[in-house]
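These are the residues of each chain, in order.
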Amino acid sequence: MIYPHMEDNFRHKGLRKRLVEEIKKKGINQQPVLDAIESIPRHLFLDPVFLEFAYQDKPFPIGCEQTISQPYTVAFQTQLLEIKARDKVLEVGTGSGYQACVLLEIGARVYSIERIKKLYEKTKLFLPKIGYRPKLFYGDGYKGLPTFAPFDKIIITAGAPFIPDELIDQLKPGGILVAPIGVGGVQTMVRWIKQLDGVLTKETHGSFAFVPMLENKSEE
Ligand code: SAH
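A few points on the structure. (Residues numbered from 1 in each chain as written. Predicted model: local features only at pLDDT ≥ 70, side-chain atom pairs only at ≥ 80, totals over all residues. Heavy atoms only, no water.)

### Side note on the overall build of the protein
Then comes step 1: Tallying secondary structure elements over the protein gives seven helices and nine strands in all.
Then comes step 2: Counting only C-alpha atoms and orienting by the principal axes, one finds that the protein spans roughly 50 × 40 × 35 Å.
Then comes step 3: Within the span of the protein, comprising 220 residues, buried residues form 51% of the whole.
Then comes step 4: In the protein, 53% of the contacts between residues at least 6 apart in sequence involve partners at least 24 apart.
Then comes step 5: Accessible surface, the protein: about 10,900 Å² in total, of which carbon and sulfur atoms supply 56%. (Helix = DSSP H or I, 4+ residues; strand = E, 2+ residues; numbered from the N terminus. Buried < 20%, exposed > 50% of the residue type's maximum accessible area, 1.4 Å probe, protein only. Contact = heavy atoms within 4.5 Å. Areas by Shrake-Rupley, 256 points an atom, 1.4 Å probe, with all protein chains shown as cover.)

Have a look at this one:
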């Protein structure tokens, strides 16, 4: 079915090319990541009246006080994950689903959890319409997805006060976990690599601003 308001035309494609040039200048250099950004129609993740914002390198509100992350940030976190084809990836914070689509485009198998039911439902309905089918779950990212573990990679896309032990446990030996850590407006991008013997190494990769990860709370 063709959705008239879901058009992806030459203008959109041109704007995406420009966006890709911009994030390349900012240091994104993995070609599969750049290709994913170039092929995903980010304007369709926003309300059509905000088209002019879709291809600026900025985050944007998606309702429920949440945001679609800035393209540079999505690309940066994706690069840190060093995705290989068929990697099983857990994303905490589905939001608009844009990051999940980037992961799918570069060949990952994606499992994504969202804490806000309205966003979960909206994204679950929307993504198949543009041809993307990650496995989406309504639940609490602090708990991960024990039934589907272990994962090759884990990415958190909200500011986390700490990394829950559950998520570390759900990471394969040799796996990578990337998360913005910190409370308040600014977080540090941290990458943990689980060595084959289970020992974790930790690296930091600069400052970013994410919406906060929602506290572990009972069902709404
Ligand atoms: N990856 C998203 C970015 C969304 S912003 C995108 O590409 O659009 C962060 C998201 O994390 C929000 O949708 C928020 O509701 C969700 N979130 C916050 N706390 C969470 C938790 N404990 N478990 C799962 N999702 C959570």
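### A closer look at the pairing of strand β9 (residues 200-208)
Then comes step 1: Both strand β8 (residues 187-194) and β9 contribute to a ladder of seven bridges, which runs antiparallel. Opposite Gln-187, over in β9, you have Phe-208 as the bridge partner.
Then comes step 2: Remark: five residues form the turn of the hairpin made by β8 and β9, two consecutive strands paired antiparallel; Gly-198 in that turn has positive phi of roughly 90 degrees. (Pairing = 2+ DSSP bridges.)

### Here we look at the site of the ligand
Then comes step 1: In the vicinity of the ligand there are 27 residues, among which Glu-91, Ser-96, Glu-114, Gly-141 and Leu-214 approach most closely.
Then comes step 2: A distance of 2.5 Å separates an oxygen atom of the ligand from a polar atom in the side chain of Glu-114.
Then comes step 3: Between the ligand and Gly-141, the relevant distance is 2.8 Å, taken from a nitrogen atom to a main-chain nitrogen or oxygen of the residue.
Then comes step 4: In the complex, 100% of the free accessible area of the ligand, which totals 580 Å², lies under the protein chains.
Then comes step 5: Elements with a minimum of two residues in the shell around the ligand: β2 (66-68), β3 (88-92), α5 (98-105) and β4 (109-114).
Then comes step 6: Sort the elements by how many residues they give to the shell around the ligand and β2 lands first, with three residues.
Then comes step 7: For the shell around the ligand, the per-class residue count stands at 11 nonpolar, 12 polar and four charged. (Near = heavy atom within 4 Å. Polar contact = N/O pair within 3.5 Å; in protein donor to acceptor, adjacent residues only side chain to side chain. Nonpolar A, V, L, I, M, F, W, Y, C, P; charged D, E, K, R; others polar.)

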